[in-house]
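Working through the structure, step by step
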Amino acid sequence: MRKLIVLTFLTLDGVMQAPGGPNEDTSGGFEFGGWTVPYFDEKLGETMGAQMSKKSDLLLGRKTFEIFASYWPDHEQDWPGINTVKKYVVSTTLQKHDWEHSVFINKNVPNEIKKLKKQDGPDLQVHGSATLIQTLLQHDLVDELWLKIFPVTLGKGKKLFGEGTVPAAFTLFESKSTPSGVLIASYKREGTVKTGSF
């Protein structure tokens with residue numbers, strides 16, 4: 001069975017919108033695009049390189065896919081194998097694309113992703129894809145969260161955890177920090193939420 005792993009950049013107040021640049025996603029009047037850039041140091045780059053180089057397929061929302069498709073096909077030297085991995089794209093509007101090995105999921109998204117997870121093959125990595133992640137969390141389909149938490153608050157923007165997230169317990173299996181203050185924290189799904197009292 002394949003694991004589904006969400007990799008995301010996150011502010012202290014949970015925002016994940018447009019980490020990479022001013023024009024990446026301005027929906028909702030978002031004006032802080034590129035908020036990761038001042039903190040992106042060599043250690044974070046090494047971590048991202050190691051995580052992205054793991055053998056995996058990609059599961060992406062349409063917006064993230066289109067951003068990736070406009071850049072990565074011509075920059076494979078920075079992400080070796082990106083053109084040959086299978087890219088599963090969840091979209092109600094996009095049904096085909098020239099980027100090789102792209103497969104489109106247009107209906108019954110939770111069920112189709114459950115089927116993907118049951119198949120033999122490499123793990124599935126989700127990058128960006130805020131709307132898709134909400135669906136995954138609502139249907140308890142996320143096995144691991146590989147978070148990079150930046151020392152900034154934005155007050156608005158698309159958040160990692162939205163309404164409808166299934167209550168779930170996770171276990172921390174890796175943590176470190178970078179010189180610029182980014183926390184790298186990776187969690188795996190671990191049973192149900194436990195409660196207690198003092």
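Residues numbered from 1 in each chain as written. Predicted model: local features only at pLDDT ≥ 70, side-chain atom pairs only at ≥ 80, totals over all residues. Heavy atoms only, no water.

Comments concerning the pairing of strand β1 (residues 4-11)
So the rule is basically this: A 1.4 Å probe rolled over the protein chains alone gives each residue an accessible area, and that area as a share of the maximum for its type sets the label: buried under 20%, exposed over 50%, partly exposed in between. A run of DSSP states H or I qualifies as a helix once it reaches four residues; a run of E qualifies as a strand once it reaches two. Both are numbered from the N-terminal end. Strand pairing follows a simple DSSP-based rule, namely that at least 2 bridges must link the two strands.
Across the eight residues that make up β1, a large majority, eight, are buried. Across the two faces of β1 the burial is the same, with Leu 4, Val 6, Thr 8 and Leu 10 and Ile 5, Leu 7, Phe 9 and Thr 11 all buried. Here β1 runs beside strand β5 (residues 123-127); their pairing, made up of four bridges, is parallel. Bridge pairing in β5 links Leu 4 to Leu 124. Relative to strand β6 (residues 144-150), β1 is paired through seven bridges, and the arrangement is parallel. Note that in β6 the partner of Thr 8 across the bridge is Leu 147.

Some points on the nonpolar core
Rule in force here: Residues enter a nonpolar core if they are buried and are Ala, Val, Leu, Ile, Met, Phe, Trp, Tyr or Cys, with the set joined through side-chain atoms within 4.5 Å.
Membership of the largest hydrophobic core comes to 25 residues, with the highest contact counts inside it found for Trp 35, Phe 65, Phe 68, Trp 72, Trp 79, Trp 99 and Phe 150. Those elements that place two or more of their residues in this core are α1 (42-52), β2 (56-61) and α2 (62-71). Among the nonpolar cores identified, the runner-up in size contains 24 residues, and Val 6, Met 16, Tyr 88 and Leu 137 belong to it.

A look at the layout of surface pockets
As a reminder, the rule being used: We place a 1 Å grid over just the protein atoms. Points where a 1.4 Å probe fits but has no way out form a cavity, open points with protein on both sides within 12 Å along at least 5 of 7 lines form a pocket, and any residue with an atom within 4 Å of a point lines it. Grid points are joined across faces, edges and corners, and a volume is the space filled by probe spheres set on the points. Under this grouping Gly is polar, as are all residues other than the nonpolar Ala, Val, Leu, Ile, Met, Phe, Trp, Tyr, Cys and Pro and the charged Asp, Glu, Lys and Arg.
In this structure, the largest pocket encloses a volume near 1100 Å³. Taken together, 39 residues make up the lining of the largest pocket; nearest its centre are Glu 24, Thr 64, Phe 68, His 127 and Gly 128. Contributing elements (two or more residues each) for the lining of the largest pocket: β1, α1, α2 and α4 (130-138). For the lining of the largest pocket, the leading source of residues is α2, giving six residues. Among the residues making up the lining of the largest pocket, the classes are represented as 18 nonpolar, 15 polar and six charged. Considered as a void within the structure, the second largest pocket measures approximately 160 Å³ in volume. Lining the second largest pocket are 14 residues, and of these Lys 54, Lys 55, Ser 56, Gly 81 and Val 85 sit closest to its centre. Sort the elements by how many residues they give to the lining of the second largest pocket and β2 lands first, with three residues. Per-class residue counts for the lining of the second largest pocket are seven nonpolar, four polar and three charged.

Everything listed here is a matter of coordinates, which is why it stays silent on function.
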